[in-house]
Amino acid sequence: MKLRLPMLLRNLKNYRMDRIEDLIDQKGLHYGEPDEFFEQLSKVWSGLLGYSLTPSDCAVMMLAFKTVRLKNNGESLDTYLDIKGYLRIVEILNHVAED
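Here is what the cut-offs are and how they apply
- Throughout this description, residue numbers start from 1 for each chain and increase along the sequence as written.
- Where totals are concerned, whole chains, interfaces and linings use all residues; where local detail is concerned, this predicted model gives features only for residues with pLDDT of at least 70, and gives and counts side-chain atom pairs only at 80 or more.
- Note that water and hydrogens are dropped before the side-chain values are worked out from all heavy atoms of the structure.
- Runs of E in the DSSP output that reach at least two residues are strands. Runs of H or I that reach at least four are helices, and both are numbered from the N terminus.
- Should any heavy atoms of two residues lie within 4.5 Å, those residues are counted as being in contact.
- Every accessible area reported is derived by Shrake-Rupley at a probe size of 1.4 Å, with residue values counting cover from the shown protein chains alone.
- Candidate patch residues must exceed 30% relative accessible area and have no salt bridge, after which like charges are joined if within 9 Å and Val, Leu, Ile, Met, Phe, Trp or Tyr side chains if within 5 Å.
- By salt bridge we mean one thing: a side-chain nitrogen of Lys or Arg within 4 Å of a carboxyl oxygen of Asp or Glu.
- The convention is simple: Lys and Arg are positive, Asp and Glu are negative, and His and the chain ends are not counted.
- To locate a charge, take atom NZ for lysine, CZ for arginine, CG for aspartate or CD for glutamate.
- Three exposure classes are used, based on accessible area relative to the maximum for each residue type with a 1.4 Å probe and protein chains only: buried under 20%, partly exposed in between, and exposed over 50%.
- With a 1 Å grid laid over protein atoms only, a set of points is called a cavity when a 1.4 Å probe fits there but cannot get out and a pocket when it is open yet has protein on both sides within 12 Å along at least five of seven lines; lining residues have an atom within 4 Å of a point.
- Grid points are joined across faces, edges and corners, and a volume is the space filled by probe spheres set on the points.
- Residue polarity follows a fixed list, in which Ala, Val, Leu, Ile, Met, Phe, Trp, Tyr, Cys and Pro are nonpolar, Asp, Glu, Lys and Arg are charged, and the others, Gly among them, are polar.
- Stacked, tilted and edge-to-face are the three classes applied to pairs of Phe, Tyr and Trp rings, where Trp contributes its six-membered ring and a pair requires centres within 6.5 Å; stacked means planes under 30 degrees apart, edge-to-face means over 60, and tilted covers the rest.

Here we look at the overall build of the protein
Inference 1: Counting its regular elements, the protein contains five helices and zero strands.
Inference 2: Going from the N terminus to the C terminus, the protein shows its helices and strands as α-α-α-α-α.
Inference 3: Long-range pairs, those at least 24 residues apart, make up 63% of the contacts in the protein with a sequence separation of at least 6.
Inference 4: Element-wise, carbon and sulfur atoms account for 56% of the exposed surface of the protein, whose accessible area totals about 6900 Å².

Topic: the side chain of Ser 56
Inference 1: With respect to the secondary-structure elements, Ser 56 resides in helix H4 (residues 55-72).
Inference 2: Apart from the residues lying within four places of it in its own chain, the contact partners of Ser 56 are Val 90, Leu 93 and Asn 94.

Focus: a negative patch on the surface
Inference 1: Together, Asp 22, Asp 25, Glu 33, Asp 35, Glu 36 and Glu 39 make up a region of like negative charge exposed at the surface.
Inference 2: For the negative patch, the secondary-structure elements that each account for two or more residues are helix H2 (17-31) and helix H3 (34-49).
Inference 3: Considering each element in turn, the negative patch owes the most residues, three residues, to H3.
Inference 4: Inspection of the secondary structure puts Glu 33 in the loop between H2 and H3.

As for the pattern of salt bridges
Inference 1: Here the structure, examined in full by the defined rule, presents three salt bridges.
Inference 2: The salt bridge involving Arg 88 is made with Glu 91; its shortest N-O contact spans 3.1 Å. Of this pair, Arg 88 and Glu 91 both sit in helix H5 (residues 77-98), three residues apart, which is roughly one turn of the helix.
Inference 3: Its relative accessible area of 23% is what places Arg 88 among the partly exposed residues.

As for the layout of surface pockets
Inference 1: Its volume calculated, the largest pocket comes out at about 400 Å³.
Inference 2: Sort the elements by how many residues they give to the lining of the largest pocket and H2 lands first, with five residues.
Inference 3: Broken down by class, the residue content of the lining of the largest pocket amounts to 10 nonpolar, three polar and three charged.

Description of the packing of aromatic side chains
Inference 1: A full pass over the atoms with the stated rule returns two aromatic pairs.
Inference 2: Ring centres of Phe 37 and Phe 38 lie 5.1 Å apart, and the angle between their planes is 85°; on these two criteria the pair is classed as edge-to-face.
Inference 3: Summarising the aromatic geometry, the rings of Phe 38 and Tyr 86 are spaced 6.3 Å apart at their centres and angled 90° between planes, so their arrangement reads as edge-to-face. Of this pair, Phe 38 sits in helix H3 while Tyr 86 sits in helix H5, and the two are 48 residues apart along the sequence.
Inference 4: Of the residues examined, Tyr 86 reaches a relative accessible area of 16% and is grouped as buried.
Inference 5: An aromatic cluster of at least three residues, connected via ring pairs, comprises Phe 37, Phe 38 and Tyr 86.

Shown next as structure tokens:
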């Protein structure tokens, strides 16, 4: 979805956090809850890389991935929403890690 940047930023600002939570819940139905999914991903990436990554490490790496996409296409609302979602997932995972 291509939007002009000022319109994109207005749309993003109005995108409430509860909608991000809904998006995370919807993705969870298809791919697993964030804590479970990122636990699995950390095991796979740790095995591939030969050193240990936490689920939070993996979520932060996904943020880095999305940031590169944002650099290459700053008009993608989906990328901005993904970034907000991954930031929320990092918060969720860090809270899980503290329990």
